[in-house]
Each structure stands twice: as C-alpha cells, then as structure tokens.
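Geometric and topological summary
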Amino acid sequence: MSGPSISFDGREPVDTVLAKADAAVKAGVGSIWLACHLFQRDPITTASVLLGRHPTLDIVLVAISPYVMHPVHAAMSAATLDEFFPGRVSLCLGAGAPADLASVGVTAERPLAAMREALTLCRRLFAGETVVFEGERFAISGRALGSGMCAVPLLLAASGPKMLRLAGSAADGVLLSAGASPEFIAWSLEQVEAGDPPSDFLRCGLVYGLVDSDQAHARDRVRGVLATVLRGDHHAHNLALAGSQLDQPKLRASETPEALITDDIVDRHAAAGTPDAFRQRVDAYRAAGLDAPIFASMRTPAQIAALAAALNGSE
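Residues numbered from 1 in each chain as written. Predicted model: local features only at pLDDT ≥ 70, side-chain atom pairs only at ≥ 80, totals over all residues. Heavy atoms only, no water.

Burial in helix 2 (residues 43-53) covers these residues: Pro 43, Ile 44, Thr 46, Ala 47, Leu 50 and Leu 51. Projected onto a plane normal to the axis of helix 2, the buried residues spread over an arc of 155° and lie on a single side. Where helix 2 is buried, its residues meet strand 1 (5-8), helix 1 (14-26), strand 2 (31-35), strand 3 (58-64), helix 3 (71-84) and strand 4 (89-93). (Buried < 20%, exposed > 50% of the residue type's maximum accessible area, 1.4 Å probe, protein only. Helix = DSSP H or I, 4+ residues; strand = E, 2+ residues; numbered from the N terminus. Arc of directions from axis to C-beta. Contact = heavy atoms within 4.5 Å.)

This paragraph deals with the nonpolar core. Membership of the largest hydrophobic core comes to 91 residues, with the highest contact counts inside it found for Ile 32, Leu 91, Leu 93, Phe 126 and Leu 156. For this core, the leading source of residues is helix 5 (residues 111-126), giving eight residues. If we skip the residues at most four places from it in the chain, Leu 156 touches Cys 92, Leu 93, Met 115, Leu 119, Met 163, Leu 166, Ala 167, Ala 171, Gly 173, Val 174 and Leu 175. Judged by nonpolar contacts, the second largest core, of 10 residues, contains Ala 63, Leu 175, Cys 204 and Ile 294. (Core = buried A, V, L, I, M, F, W, Y, C linked by side-chain atoms within 4.5 Å.)

What follows concerns helix 1. End to end, helix 1 covers 18 Å across 13 residues, agreeing with the expected 18 Å (1.5 Å per residue, within 8%). Buried residues of helix 1: Val 17, Lys 20, Ala 21, Ala 23 and Ala 24, and no others. Seen end-on, helix 1 carries its buried residues on one side only, within an arc spanning 165°. Summarising the geometry of helix 1, the exposed residues directed more than 90 degrees from the buried face are Val 14, Asp 15 and Lys 26. Those residues of helix 1 that are buried lie in contact with strand 1, strand 2, helix 2 and helix 13 (301-312). Just downstream of helix 1 lies Gly 28, where phi reads positive at about 95°. (Expected span 1.5 Å × (residues − 1).)

Here we take up the packing of aromatic side chains. Here the structure, examined in full by the defined rule, presents three aromatic pairs. Ring plane angle 40° and centroid distance 6.3 Å describe the contact between Phe 84 and Phe 85, whose orientation is recorded as tilted. Arranged with centres 5.5 Å apart and planes meeting at 50°, the rings of Phe 278 and Phe 295 form a pair that is tilted. With Phe 278 in helix 12 (residues 275-287) and Phe 295 in strand 11 (residues 292-296), this pair connects stretches of sequence that are 17 residues apart. Summarising the burial analysis for this pair, Phe 278 and Phe 295 share the class buried. (Phe/Tyr/Trp six-rings, centres within 6.5 Å; stacked < 30°, edge-to-face > 60°.)

Let us look at empty space enclosed by the protein. Counting across every chain of the model gives two cavities of 30 Å³ or more. If you add up the space inside the largest cavity, you get close to 80 Å³. Among the secondary structure elements, those contributing two or more residues to the lining of the largest cavity are strand 2 and helix 2. Taken together, the residues that form the lining of the largest cavity break down as five nonpolar, two polar and four charged. Put simply, the second largest cavity is a space of about 30 Å³. Lining of the second largest cavity is provided by Ala 158, Ser 159, Leu 176, Ser 177, Ala 180, Phe 184, Ile 185 and Ser 188. Considering every element that reaches the lining of the second largest cavity, the biggest residue donor is helix 7 (residues 182-193), with three residues. (1 Å grid on protein atoms, 1.4 Å probe; cavity = no way out; pocket = protein on both sides within 12 Å on 5 of 7 lines; lining within 4 Å. Points joined across faces, edges and corners; volume = space filled by probe spheres on them. Nonpolar A, V, L, I, M, F, W, Y, C, P; charged D, E, K, R; others polar.)

Note on strand geometry: in a regular strand, side chains alternate between the two faces of the sheet. Taken across its five residues, strand 11 has five buried, putting it largely inside the fold. Of the pairings in the sheet, the one linking strand 1 to strand 11 comprises two bridges and is parallel in character. Considered in strand 11, the bridge of Ile 6 is made with Phe 295. Note: strand 9 (residues 202-211) against strand 11, five bridges, orientation parallel. Across the sheet, residue Gly 205 finds its bridge partner in strand 11, namely Pro 293. (Pairing = 2+ DSSP bridges.)

Here you go:
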C-alpha cells in the first residue's frame, strides 16, 4: 500500500463518501479502509464503486465479522473484487462490536475459536483449495471458490492478548483499534510478536487524526469519538498504560461525555492539533511499532486534504 491510509465508517451518505474519496485520491491517499457497521452502508458495495472510480486506490474491507457473514461469503466477496481489480483488495476479519451484534440478537461465543476457523477457511479458499473442513462453528464439505486462487491479504482486527497472538500466527497483518495510545500500541504489538508473525507482516492501527491551525479546534473535533470509544471495558488497560485519568463508569453514565475528555486525554489517545503537533504524534505511533497508521475521524474533504498536506510537510 502506497501513500497515506484513511478509514471511512459507513455512516455518511453516498455524495459525502464520493467527495471524500475524490479528495483523498487527489491528496495522494493510497488506501481507504471501509468499516462494516451493521445497519450502515455496505462496505463491499462501496468498495466496488470506489475501486472502479479510482484506479490508483486500494481498499481494505474492515472488519468483517464471521458471526454475521459466513467466512465463505466474506472470501467470495473479497475474491470477486480482486478478480475485477487485481491486487487492490484486502480482507480484514474481526469479531465485531458487541453492541452491533446484540442489535441483531447475536452473541460472539468463543470468539478466539471462531476467528481461528474463519482465518483458516479464508486462507485455504484464497489458496484455491477444494476445502474439506469440520470445525466447532464452521464447516465446508469439499468446495472451492469459483474464482480460483487469489492473492488477497488477510488481516485480523484484534485487541486482547490471545486474539493479538492469533493475528501474529495466522494472519498477514493486524489492525489495532482506534483510541489506542502509543504505549498500548507497543504492548499490543508485543502480544502479536508472541505469535511469531512472518517478516512481511503488516502492523496497522486506527488513529484519530485531525489537523487544524488552531490546536484547540483540532482537539475539540475528536473529543466525541474518543468519548464513545474509550468507554469500552477493553480500553481500561489502554488508559492505564498511557497514564490517562478517566473514570470509565462515569463516562458511560454521563449525559455530556465529551466534557470528561480532557486535552491531556486527547493528546495521549489521538493525533489532533497543528501540523507540527500532528506530525509529532504520528511519529510517536510509528515509534511504537505501527507500519501503517490508518487515519480516522475526518468528516470533510478539506480535513482529509489538511491531514495529507501535514504528512507531506506541504501545509
């Protein structure tokens, strides 16, 4: 993947997505990571449109949950896109957001086993195998992808130690969640290393990024997303490693949660500020071990252009 990487969360209308993608490509962005959130825009459909519209753009499907899409179907979708747009598509699997799954009556039971099976099936299907598989959750009785073998990179969205080790042992790359501090990134990648990843393993992480000539404005624009993300139980360790003082139960109960996200917390868990401050934070994330920060939270074409200019030192 060449050029900066950014993410779209699927919550925006089509005209906004197209305008943002146009601005991203113009600014030199090399890949867009399309999130899969239930009841929002479908990332596979969006991928097909953006790949056809922008010949230089790569797409990563993030993070497709085997609890709501069978691994065979996920592999079919990625392989078909790759057949139309060779070498430009990657598939990232993930257990899925608990609230999303609960909204359709799904419980992510035994996620480690389910993700191991899903990775195994996708890997074997991408290799062109006629797969016979009988797992705890999934089974295939001697079938292969009609499109045949394809070289689709397979990533895993992971946060807990066991899932991080699974990423290192069974995937081509890992995607770490947004709101992570550099300290938590470093800890997470230590767990990945325990899985003995290959030399070309890709270490990626979502980073809330916002550039503005006014430091205060940049911070204010990411408080809301941090207030939503950092309330999760799995971020307790993240907060502790960063030295961030945040009362999570109070955050979850607050009617004005953004007010609890101080400047210090923004600075520890995002890359938001003036161009210089932004670059310093990006350097910290890369020093923690990220090969590819995936920048999230830009809502307008202008914000994407400003971030890309700051990365290039041309602001």
